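# Notes for the structure review
Here's the letter readout for the chains.
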Amino acid sequence: IKTSWDEFCNRYMNMEGGVTACECVFAVDLEDALDARTRAVNRARGELATQLKARVKRMVKDYIERVQSGKKIHKGSVWEQAAITIANEYLRGSRPIKFATFRTSDGKYVSCSVVAIQPSAVREMIDKIADAGDVPPRDRDLLYEEFKAWKAFKELEQKTTDNPQ
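Right, let's walk through the structure included here. (Residues numbered from 1 in each chain as written. Predicted model: local features only at pLDDT ≥ 70, side-chain atom pairs only at ≥ 80, totals over all residues. Heavy atoms only, no water.)

The residue Thr104 is located in the loop between strand 2 (95–103) and strand 3 (109–117) in this model. Since its relative accessible area comes to 12%, Thr104 is described here as buried. Residues within four places of Thr104 in sequence aside, it is in contact with Trp5, Phe26, Tyr109 and Val110. (Helix = DSSP H or I, 4+ residues; strand = E, 2+ residues; numbered from the N terminus. Buried < 20%, exposed > 50% of the residue type's maximum accessible area, 1.4 Å probe, protein only. Contact = heavy atoms within 4.5 Å.)

Written as C-alpha cells, this is what we have:
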C-alpha cells in the first residue's frame, strides 16, 4: 500500500543530474512533528551521504575498468579516497529542498524532508574528482555518465522491488 508520504518522497527522488534523499519520521502530535522534521533532515543527510559515497566509488571503479582496462593501475584506491573526500565536501553543501507533514489514519503525524545536492554542484564535484584523478578533458563526460548510470540502476532496482513479477 502506497502512502501519501511514500508518494511525496518518490516525487522528489528523480532530480535530473542532482542527488536527493528523502526520509520520514513518525510523530505522536503536531508539536513532536516539528522536532520530527529536524530528525528527518538529519536522516535524509545520512542517506544522501551513503548514496554519494557508493556512487562515487562505483563511478571511479567503472571509469578505471572501462578506460584503462588491461593497464596496471596503482592510483585507483588513492583516487577513490580523494574522490570520497571531495564528495564529502559537497555533502556539506546539501540543502533541504522540501518538507511535508502528513496525518496518519490513527491521528499521528509523519514529517518528511527531502535533502539535495543540486545538479550544478554535482557537475562541479565530478570535475574536481576528475582533476584529482588526472582524467583527461575528453573523458570527463564519460565520468559524469558513469555517475548518472548508478542512479538509473538504483531506480530500476527500486521499481523491481516495488513491483515484483
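Next comes the rest of the write-up.
Below, the discussion takes up the state of the cysteines. Under the defined criterion, the tally for this structure stands at two disulfides. Sulfur-sulfur distance for the disulfide between Cys24 and Cys112 comes to 2.1 Å. Because the sign of the S-S torsion sets the handedness, a value of about 110 degrees for the bond joining Cys24 and Cys112 places this disulfide among the right-handed ones. Highlighted residues: Cys24 in strand 1 (residues 19–27) and Cys112 in strand 3, separated in sequence by 88 residues. A relative accessible area of 19% places Cys24 in the buried class. Each bonded cysteine of the protein is numbered by sequence order, and under that numbering the disulfide pairs are 1-2, 3-4. (Disulfide = S-S within 2.5 Å.)

For soluble globular proteins, the rule of thumb is that nonpolar side chains tend to be buried together. Core analysis: the largest hydrophobic core is formed by 29 residues, its most contacted members being Val56, Met125 and Phe147. The element best represented in this core is helix 2 (residues 30–67), accounting for nine residues. The residues touching Phe147, leaving out its near neighbours within four places in the chain, are Val19, Leu52, Arg55, Val56, Met59, Val122, Met125 and Ile126. With ten residues, the next largest nonpolar core counts Phe8, Cys22, Cys24 and Val110 among its residues. (Core = buried A, V, L, I, M, F, W, Y, C linked by side-chain atoms within 4.5 Å.)

Strand order across the open sheet formed by three strands is 1-3-2, with antiparallel pairing between neighbours. The open sheet has two edge strands, strand 1 and strand 2, and neither has a second partner. Neighbour-to-neighbour, the strand axes of this sheet turn through a mean angle of 15 degrees, independent of strand direction. Of the strand pairs in this sheet, strand 2 and strand 3 are connected by eight bridges, and their pairing is antiparallel. When the sheet's bridge partners are listed, Lys98 is paired in strand 3 with Val114. (Pairing = 2+ DSSP bridges. Axes fitted to C-alpha atoms, helices over the stretch in contact; angles between N-to-C directions.)

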